[in-house]
Amino acid sequence: MKIQFLPSSRAGKWSAGLILGALAVFLLLVLFGELLDVLPEGLISVTVVLAIAAAIMAAISGLSALVRYKDRAVLVYAAVILGLAVSVIVLTSVWADIN
């Protein structure tokens, strides 16, 4: 059985692109926002929210690619796992703020 790295369906490609974009934004925010202290706080918070939304959308699109199109690419699985991890982190953070 051959392992496929890149997705073949449209939903899988969206999923992979969104998660790679979200990871790139997170890494750039850590580099420029935290280590170099170049970006203002308002820009950092807006960008983090957009990156979290992209990661969650990647998980939804990846689940669609897995279930509907039977796309079994490594990037699709990674997008689903990372997107669900971001969702759990956000939900636990919201839950902790409520209690």
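The helix and strand tally for the chain stands at three helices and zero strands. When the elements of the chain are put in sequence order from the N terminus, they spell out α-α-α. Dimensions along the principal axes, computed over C-alpha positions, put the chain at roughly 45 × 35 × 20 Å. Counting all 99 residues of the chain, 29% fall into the buried class. Sequence-distant contacts, at least 24 apart, represent 69% of the contacts inside the chain between residues at least 6 apart. Carbon and sulfur atoms form 75% of the exposed surface of the chain, whose accessible area is close to 6,800 Å². The average position of the 6 basic charges and that of the 5 acidic charges among the side chains of the chain differ by 31 Å.

Moving on: helix 1 (residues 10-35). Its 26 residues place the ends of helix 1 36 Å apart at the C-alpha level, agreeing with the 38 Å of an ideal helix rising 1.5 Å per residue. Along helix 1, the positions that sit buried rather than exposed are Ala 11, Gly 12, Ser 15, Ala 16, Ile 19, Ala 22, Leu 29 and Gly 33. Those residues of helix 1 that are buried are in contact with helix 2 (41-67) and helix 3 (74-98). Taken from the residues just after helix 1, Asp 37 is the one with a positive phi, measuring 55 degrees.

Quick look at the environment of Ser 8 now. Along the polypeptide, Ser 8 turns up in the segment before helix 1. Residue classification places Ser 8 among the exposed positions, given a relative accessible area of 51%. Through-space distance from the C-alpha of Ser 8 to that of Val 88 is 28 Å; in sequence the pair is 80 residues apart. Excluding residues within four positions of it along the chain, Ser 8 makes contact with Lys 13 and Asp 71.

On the surface, Leu 28, Val 30, Leu 31, Phe 32, Leu 35, Leu 36 and Val 38 cluster together to form a nonpolar patch covering roughly 650 Å² of accessible area. Structurally, Val 30 can be placed in helix 1.

Procedures and definitions
- The residue numbering used here restarts from 1 in each chain and proceeds along that chain's sequence as written.
- Only residues with pLDDT of at least 70 are given local features in this predicted model, and only at 80 or more are side-chain atom pairs given and counted; all residues enter the totals for whole chains, interfaces and linings.
- Here the side-chain values reflect all heavy atoms present in the structure, with hydrogen atoms and water set aside.
- The helix and strand labels rest on DSSP assignments: H or I over at least four residues marks a helix, E over at least two residues marks a strand, and numbering proceeds from the N terminus.
- Whether a residue is buried, partly exposed or exposed follows from its accessible area with a 1.4 Å probe, protein chains only, as a fraction of its type maximum: under 20%, in between, or over 50%, in that order.
- Note on definitions: a residue-residue contact is assigned when non-hydrogen atoms from the two residues lie within 4.5 Å.
- Computed with the Shrake-Rupley method and a 1.4 Å probe, the accessible areas treat only the protein chains shown as cover for residues.
- Here Asp and Glu are counted as negative and Lys and Arg as positive; His is not counted, and neither are the chain ends.
- Every charge is mapped onto a representative atom, which is NZ of Lys, CZ of Arg, CG of Asp or CD of Glu.
- Given the number of residues in a helix, its expected span is that number minus one, multiplied by 1.5 Å.
- A patch consists of residues whose relative accessible area exceeds 30% and which take part in no salt bridge; residues with like charges are grouped when within 9 Å of each other, and nonpolar side chains (Val, Leu, Ile, Met, Phe, Trp, Tyr) when within 5 Å.
- Think of a salt bridge as a Lys or Arg side-chain nitrogen and an Asp or Glu carboxyl oxygen that are within 4 Å of each other.

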